[in-house]
Amino acid sequence: MAETIFQKIIDKEIPTEIVYEDDLCIAFKDINPAAPIHLIVIPKKPIESVDDVAEEDEAIVGHLFFAMGKIAKQQGIDRGYRVVTNNGRDAGQEVMHLHFHMLAGRGFSWPPG
Ligand code: 5GP
């Protein structure tokens, strides 16, 4: 797959406010926040989208959710947050590297737009 901007973030090639990192994933502040707290959580493995998650990736994807729970506590998010993944064109996926948005710090309506 073509190198994405998120690969450059993993490789520390562009300045980014990283809030969490371990062997399998990295989380950083979104450059264009849609909420007072807007983090992007990604696997270090370059999986393009939900559609591209292979059976061998199950542990990685599970780890992302484990990490998000830890990050929420570390960030002091105690009133809830929304986790979003945009998969494909209709959902508005712009960066073709699997990622979860963690949004917090305000209320969120449902259904989403
Ligand atoms: P998508 O629409 O693909 O679900 O979301 C991609 C997200 O990545 C957007 O919210 C966008 O603001 C964020 N983003 C894109 N490029 C950069 C970047 O270079 N740095 C950071 N920190 N976030 C980025």
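Each remark here, short or long, concerns the structure printed above.
A. Just the pattern of salt bridges, in detail. If you walk through the whole model with that rule in mind, you get six salt bridges. With a closest N to O distance of 2.8 Å, K44 and E21 form a salt bridge. Here K44 is found in the loop between β3 (37–43) and α2 (58–74), whereas its partner E21 is found in strand β1 (residues 18–21), with 23 residues between them in sequence. Given a relative accessible area of 36%, E21 falls into the partly exposed group.

B. Inspection of a nonpolar patch on the surface at higher detail. Residues F65, Y81 and V83 make up a contiguous nonpolar surface patch of roughly 250 Å² in combined accessible area. Within the secondary structure, Y81 is located in strand β4 (residues 81–84).

C. The site of the ligand, seen in detail. Lining the immediate surroundings of the ligand are 16 residues, of which K29, D30, E94, H99 and H101 lie closest. Between K29 and the ligand, the recorded distance is 2.8 Å, taken from a backbone N or O atom to a nitrogen atom. Backbone polar atom of I31 to a nitrogen atom of the ligand: 3.2 Å apart, as the coordinates give it. Bound to the protein, the ligand loses 84% of the 530 Å² it would expose on its own. Mapped by element, the contributors of at least two residues to the shell around the ligand are α1 (5–10) and β2 (25–29). With three residues, α1 is the largest single contributor of residues to the shell around the ligand. For the shell around the ligand, the class distribution of residues is seven nonpolar, six polar and three charged.

D. Spotlight on the nonpolar core. Counting residues in hydrophobic clusters, the biggest one holds 17 residues, and the most contacted among them are Y20, V41, L64, I71 and M102. Of all the elements in the fold, those that place two or more residues in this core are β2, β3, α2 and β5 (100–104). It is α2 that contributes the most residues to this core, six residues altogether. Setting aside anything within four residues of it in sequence, one finds L64 in contact with C25, V41, I42, P43, L98 and F100.

E. Quick peek at α2. Between the first and last C-alpha of α2 there are 25 Å, a value that for 17 residues agrees with the 24 Å anticipated at 1.5 Å per step. Taken together, the buried positions of α2 are occupied by I60, V61, H63, L64, A67, M68, I71 and A72. Looking at the buried positions of α2, the neighbouring elements they touch are β1, β2, β3, β4 and β5. G76 lies just past α2 and shows a positive phi near 70°.

Here is what the cut-offs are and how they apply
- Residues numbered from 1 in each chain as written.
- Predicted model: local features only at pLDDT ≥ 70, side-chain atom pairs only at ≥ 80, totals over all residues.
- Heavy atoms only, no water.
- Salt bridge = Lys/Arg side-chain N within 4 Å of Asp/Glu carboxyl O.
- Helix = DSSP H or I, 4+ residues; strand = E, 2+ residues; numbered from the N terminus.
- Buried < 20%, exposed > 50% of the residue type's maximum accessible area, 1.4 Å probe, protein only.
- Patch = residues over 30% accessible without salt bridge, like charges linked within 9 Å, V, L, I, M, F, W, Y side chains within 5 Å.
- Areas by Shrake-Rupley, 256 points an atom, 1.4 Å probe, with all protein chains shown as cover.
- Near = heavy atom within 4 Å.
- Polar contact = N/O pair within 3.5 Å; in protein donor to acceptor, adjacent residues only side chain to side chain.
- Nonpolar A, V, L, I, M, F, W, Y, C, P; charged D, E, K, R; others polar.
- Core = buried A, V, L, I, M, F, W, Y, C linked by side-chain atoms within 4.5 Å.
- Contact = heavy atoms within 4.5 Å.
- Expected span 1.5 Å × (residues − 1).

Without other data, these values stay purely geometric and don't point to any function.
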